[in-house]
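Report on the structure
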Amino acid sequence: DGEFELNFQPIMDLKKGESHMAECLVRWAHPKSGQLLPSTFIPLAEEMDLILPIGKWVLEEACSQLGKWKRKNVGMHMLSLNISARQLFRSDLANQVRFLVEENGLEPGELELELTESAVIQDVRQAVGVMERVRKLGVRIALDDFGTGYSSLNYLRMLPINTLKIDQSFVQDVMTDPGSRSIIRFLVQLSRELGLRIVAEGVETREQLAFLKEADCDEVQGFLISPPLSADGMTSMLVRQFGGTTNS
C-alpha cells in the first residue's frame, strides 16, 4: 500500500567533523500504529517470504534518492544500506546493483552494501563469490554489527570488504568496561593493517565520541550525531552543511 519509507542516519567523518555519508533505514508508516521499526516487521517478512521484494524496493528507492542528491549537488558522497541473507544468496544482487547504479547516474563507489556476520556465515564460499562480483562493479561492502556473531578474525582476511562497523554494544560500554575499550582500539588498529575503513555505531554521549576520536576511529553514527531523518530532513541538513539546493 505504499506505506514503507526510507530514513537516513548521517555518518560523521571524525577528522573532518562532517557528514557526507548516511545509512539508509526502512520504516513502515503504519496508518494506525504509527512508524514501525524493522525489528517489528522484518522477522515476519522473512517468515512470509516477503523479504526479497522488500529488499529490492529498498535498494531501488535508495539508489533513486542518491541520484536525486547528486543532481542537487548537496554533498552526499555515499549511501549505505543493509542487505539480507536472502538477497545475498537468492537474488541476482550484482546485476540488480549494476542496473540501478547506471539507471540513476551513480558512481559505483557512492553505494555501500552492509552485510552481517550471521548472513555471511550461512555459506561463506557463496557469500564471497557474490561479494566479489559486487566489488568488481566498484560498489563498496561493509561488514555490519561486527562482534555480535562469530567474530572470526579469519573472516576479515577472507571477505572482500571495504568497511568494518563496530557493533553499538561495544560503544555503549566504553566508559564503564575496559574490555570494550581494548576491543575497539584493537579493531581500529587491525582495520588499519587490513586497509579497512572503520565505523562505530550507536554513539549517544560526548564521552563516547571523545574516546572514539582518541582511538582514531574513522567515522561514527548514532543519536548524538543525528537520529534517522526523512529524505527531506537529510536534504536540509546537507544543504546547511555544504550548500546546494533543496529544489528537485
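1. Digging into helix H4 (residues 93–103)
Within H4, the full set of buried residues consists of Leu93, Ala94, Val97, Leu100 and Val101. All buried residues of H4 lie within an arc of 135° about the axis, which places them on one face of the element. Seen from the open side of H4, the exposed residues pointing more than 90 degrees away from its buried face are Glu102 and Glu103. The inward-facing, buried residues of H4 contact helix H2 (51–72), helix H3 (85–90), strand S5 (111–116) and helix H6 (124–136). Note on H4: the residue one or two positions beyond its end, Gly105, has a positive phi of about 65°.

2. Section: the nonpolar core
Core analysis: the biggest nonpolar cluster contains 75 residues, and Phe8, Trp69, Leu93, Leu113, Ile184, Leu212 and Met234 have the highest contact counts within it. A total of 8 residues in this core trace back to one element, the largest contributor, which is H2. In contact with Leu113, not counting residues within four places along its chain, are Leu59, Leu81, Ile83, Leu93, Val97, Val134, Val139, Arg140, Ile141 and Ala142.

3. Side note on helix H9 (residues 178–194)
Helix length check: H9, at 17 residues, gives a terminal C-alpha distance of 24 Å against a target of 24 Å (1.5 Å per residue), a fit within 8%. Buried residues of H9: Ser180, Ile184, Leu187, Val188 and Ser191, and no others. Viewed end-on, H9 has its buried residues packed into an arc of 100°, placing them on one side of the element. Two residues or fewer after H9 comes Gly195, characterised by a positive phi angle close to 70°.

4. Describing the packing of H2 against helix H11 (residues 231–242)
Remark: H2 packs on H11, axes separated minimally by 12 Å, with the N-to-C direction vectors making an angle of 30°. Of the possible angle classes, the one that applies to H2 and H11 is roughly parallel. In the packing of H2 onto H11, the handedness of the crossing is right-handed. Residues Gln65, Trp69 and Lys72 of H2 lie in contact with H11, whose contacting residues are Ala231, Met234, Thr235 and Leu238. Residue composition of the contact of H2 with H11, by class: 4 nonpolar, 2 polar and 1 charged.

5. Things to note about the packing of aromatic side chains
By convention here, two paired aromatic rings are described through the distance between centres and the angle between planes. Overall, the coordinates contain 5 aromatic pairs when judged by the stated rule. Considering the side-chain rings of Phe4 and Phe41, the 5.4 Å spacing of their centres and the 40° angle between planes classify their relative orientation as tilted. Note that Phe4 is positioned in strand S1 (residues 4–13) and Phe41 in helix H1 (residues 38–47), a separation of 37 residues in sequence. We classify Phe4 as partly exposed; its relative accessible area is 28%. Relative to Trp57, the ring of Phe4 has its centre 6.1 Å away and its plane inclined at 45°; by these criteria the two rings are tilted. Separated by 53 residues along the polypeptide, Phe4 in strand S1 and Trp57 in helix H2 bring together distant segments of the chain. Each residue in the set Phe4, Trp28, Phe41 and Trp57 is aromatic and connected to the rest through ring pairs, giving one cluster.

Parameters at a glance
Residues numbered from 1 in each chain as written. Predicted model: local features only at pLDDT ≥ 70, side-chain atom pairs only at ≥ 80, totals over all residues. Heavy atoms only, no water. Buried < 20%, exposed > 50% of the residue type's maximum accessible area, 1.4 Å probe, protein only. Helix = DSSP H or I, 4+ residues; strand = E, 2+ residues; numbered from the N terminus. Arc of directions from axis to C-beta. Contact = heavy atoms within 4.5 Å. Core = buried A, V, L, I, M, F, W, Y, C linked by side-chain atoms within 4.5 Å. Expected span 1.5 Å × (residues − 1). Axes fitted to C-alpha atoms, helices over the stretch in contact; angles between N-to-C directions. Parallel < 35°, antiparallel > 145°, perpendicular 65-115°, else oblique. Left-handed = near helix turned anticlockwise from the far one by under 90°. Nonpolar A, V, L, I, M, F, W, Y, C, P; charged D, E, K, R; others polar. Phe/Tyr/Trp six-rings, centres within 6.5 Å; stacked < 30°, edge-to-face > 60°.

Any functional reading would require information beyond the geometric quantities listed.
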